[in-house]
Every structure is written in C-alpha cells, then in structure tokens.
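Letter by letter, the chains look like this.
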Amino acid sequence: MQQLLTEREQAGLLRRLKTAQQVSGRFIRDQNRELLNFSGNDYLGLATAPEVVAALQQGAADYGVGSSGSPLVCGQQAPHQALCDEICDWLNVEAVLLFSSGFAANQAMLLGLAGADETLLLDKLSHASMIDAALQHQGGYQRFLHNDLGSLQKLLQKHGNKAVVATEGVFSMDGDSPDLRQLTLLCQQYQAPLLLDDAHGLGVSGPEGAGSFAAAGLATRSSQCLMANFGKALGGQGGFLATSSFVADYLTQSARHFIYSTALSPALAVAMRQSIQLCRSQQWRRDKLIDNIQYCRELAAQFELKLLPSTSAIQPLLIGDNHKAMRVSQQLAEKGIWLSAIRSPTVPMHQARLRITLSALQQKEDLKLLFITLKELL
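As the structure is a computational prediction, the values presented were derived from the model and not from experiment.

Description of the sheet that holds strand β6 (residues 141-144)
Reasoning step 1: Reading across the sheet, the 7 strands line up as β4-β10-β9-β8-β7-β5-β6 and stay open at both edges, with mixed pairing between neighbours. The open sheet has two free edges, formed respectively by β4 (95-99) and β6, since each of these has just one partner strand. Strand-to-strand twist in this sheet, taken as the mean axis angle between neighbours without regard to direction, amounts to 20°.
Reasoning step 2: Judged from the 4 bridges that link them, strand β7 (residues 163-168) and strand β8 (residues 194-197) form a sheet pairing that is parallel. Across the sheet, V165 pairs through a bridge with L194, a residue of β8.

Spelled out as structure tokens, the structure:
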C-alpha cells in the first residue's frame, strides 16, 4: 500500500479528498470563500431548483427518507412506480428499473445482457463501470477504437452474431459522441444488441431532453437497453435502465445490483419525477446551456486555448503533464475558480486535463473570467 501511495505521489497522480462546505448552483463554498464552479455535472441547474427541493421535502414528509428494503422485498413504493411511469412516458419505453447509482445500473446492464457465449465490444473510452463489468464477463471483451465504426465492424465480422456492443451517448472525459444513426445500423446489420450509457446525454440532448437517441432522430428502443442516471442533468442521485418489458422481467430475475440493493429513497423518487417534469417543460435551461457552450468555445478561440472537439457541456482543455494540471487547478482555486484536474487512470497517461463543465446557471461574465485567468496561468 505504501509503495502504491509513494508511486502515485511521485507521478503526480495521488488523489486527495476535498470537502467543500457547500455546492450551490454556479458556486462552491470552500474555506469560507465562494468559488465559481466549473467541475459539476448539474448541467441544467436542477439540483437547486426550488420546485425540486420542495418536492424532496414533501416526499420525505409523506414517505420518509429511506425505502427500508430492496425493490423486491418492500422497497418499491408508489413514488418509485410514479417515477418509472414518468420515464417511460418521457423516453417512450415499456419499462424502467431504478438503481442506487449509475455505476450499479451499468454493471447490471452489461453483466445481465451479455451471454456467457457472447463477447462484449466496448468503445476504447468507455466509462470505468462498463470496463469493470467487461472484466467480470465470462465471455470476455474487446475494445474498438474510439467512435471508430470501421474498427467496430472488424470486430463484429470476427464474432458474427455472438457480440454485444456497448458505448456512450456523450463521453464523460472528452465530451464527444458517436454517430448513433450509423452505429445503430451497423449493430442491426450484425444482429448485435446495443447497450447505451447516456448519463451525460439525458436531459441535455434531444427534444424535451430525451437524450442522445432522440437527438439523432432515433427511438430509445433502437438499443436493447439504455442506462442513464439522475446525478447529472437531473440534479439528483441514482440511475435507471430503460428497456422493453421482456428485458426488464429478465433483469428482475438476474440483476444482482437490483435484487440485493436497498431501493432509492422514496423522497428522492418524488424529487426526480419533479425534476424530469421541469426538464421536459423548461426548454430555456437547454437553450441557456447551448449559449454557454458556444460562448465557451468562442472564448477559447479568442484566447488561443485549444479545447478538444466537443459540442456538449463537457469542454476539456488538455494540459498533458500531471503536475502542471494540478498546479493550474490550485492556482485557479486561489483566484476564485473551482476547476478540478483530471489525471490517469481516469484519462490516458499524459492526457491530464482541466475538464470544464458548463451549466445553464453560469453567466457570460463567469466564463470570461475563467478564460482570462486560464490565459494568465498558461
């Protein structure tokens, strides 16, 4: 253990837990100072929306804080079913299963829906929850080049109809997306089920924020199963799988992360239903986020700071050196800006970065201050 800690520190990779006093809207309060927050995933500003806060409070008053059991024992209650029904209507799917986290939902999806005689095919930059599931999968896995349909097709040709494809709607570290229309057609051609992690697409992309499939003009049913969560654009916590009734019934028998985990808080389920309703009806939140994304990229070009190609709320600025990334992050904090450095193993070695995440709550002057300060430090 000591050897690992020493090696991590020498390489500039040692992680230390920072405890902020409060995260609220566009600000983080730390050591009695208010810093602009450019590291959160509250893309639509729903985490502090008064209607969502009130729904959580009322839900706790009506149903208590905890669910007291797993979904199949006594944990699934009226608020959970109402939330599932809301998601089914929103995404036009038959069934939804709720999970304690997006990580758990991804694990259940990949481990549950890839047979022992099937190979999992994962995008090279897939999330750690998907990679961990692939490592446990009895049929093994292979990774195709990032967003490279040619690379995926070669693997599909190799495995015939014994492959399951898993990828993301919006990649969490690079902020880019696959060509979902062509990817879907390719999977259909080779009869390979498609599993999609849309954690960073749901709420932000498509009409009513229905996610990456909707943005591509496709039905969510284009995948065998979709995973998304409540902890990003919806401002809460937990995850879900959206799928057919048949697949949901199957997972209810086999998904250990669903069967053996305490169900979501019923109060949280009430709040997340309210959050979805706001997400669907308040288009101004997505419009403001889109404006901020465009302005961010304009400022980057103006100040000659090269961001990775991305049209999403995730705008990475590559630094390369781990120590430099950490130093710049600390200097930004001293100047009133919270922007965390992302290093290996979260991203490939020598690709340390400042991962700028944007929100509908941020103002143009916030973004301008960020880039003026970055230019001074870099």
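There is more to say, and it comes next.
Points about the pairing of β8
Looking along a regular strand, one sees the side chains alternate between the two faces of the sheet.
Reasoning step 1: Residue alternation in β8 divides its side chains into two sets, L194 and L196 and L195 and D197, and both sets are buried.
Reasoning step 2: For the crossover that starts at β7, traverses helix α8 (residues 180-189) and ends in the parallel β8, the hand is right-handed.

Quick word on the nonpolar core
Reasoning step 1: Among the nonpolar cores identified, the biggest contains 79 residues, and L91, F230, F240, F371 and L374 are the most heavily contacted of them.
Reasoning step 2: A total of 7 residues in this core trace back to one element, the largest contributor, which is helix α12 (residues 266-281).
Reasoning step 3: Grouped together as the second largest cluster of nonpolar side chains are 29 residues, A104, A166, L195 and V247 included.

Observations concerning the pattern of salt bridges
Reasoning step 1: Taken as a whole, this structure holds 9 salt bridges when the rule is applied.
Reasoning step 2: In this structure, the salt-bridge partner of D89 is R280, at a minimum N-O distance of 2.9 Å. On the criterion of sequence distance, the pair formed by D89 in helix α4 (residues 78-91) and R280 in helix α12 is long-range, its members being 191 residues apart.
Reasoning step 3: Among the residues examined, D89 registers a relative accessible area of 52% and is labelled exposed.
Reasoning step 4: Between K375 and E304 there is a salt bridge whose closest N-O contact spans 4.0 Å. Highlighted residues: K375 in helix α15 (residues 364-377) and E304 in the loop between α13 (283-302) and β11 (314-320), separated in sequence by 71 residues.
Reasoning step 5: With a relative accessible area of 37%, K375 lands in the partly exposed category.
Reasoning step 6: On the accessibility criterion, E304 (66% relative accessible area) is exposed.
Reasoning step 7: Connected through shared salt-bridge partners, E86, D89, E208, R273 and R280 make up one network.

Conventions and cut-offs
Residues numbered from 1 in each chain as written. Predicted model: local features only at pLDDT ≥ 70, side-chain atom pairs only at ≥ 80, totals over all residues. Heavy atoms only, no water. Pairing = 2+ DSSP bridges. Helix = DSSP H or I, 4+ residues; strand = E, 2+ residues; numbered from the N terminus. Axes fitted to C-alpha atoms, helices over the stretch in contact; angles between N-to-C directions. Buried < 20%, exposed > 50% of the residue type's maximum accessible area, 1.4 Å probe, protein only. Right-handed = clockwise from strand over helix to strand, strands pointing away. Core = buried A, V, L, I, M, F, W, Y, C linked by side-chain atoms within 4.5 Å. Salt bridge = Lys/Arg side-chain N within 4 Å of Asp/Glu carboxyl O.

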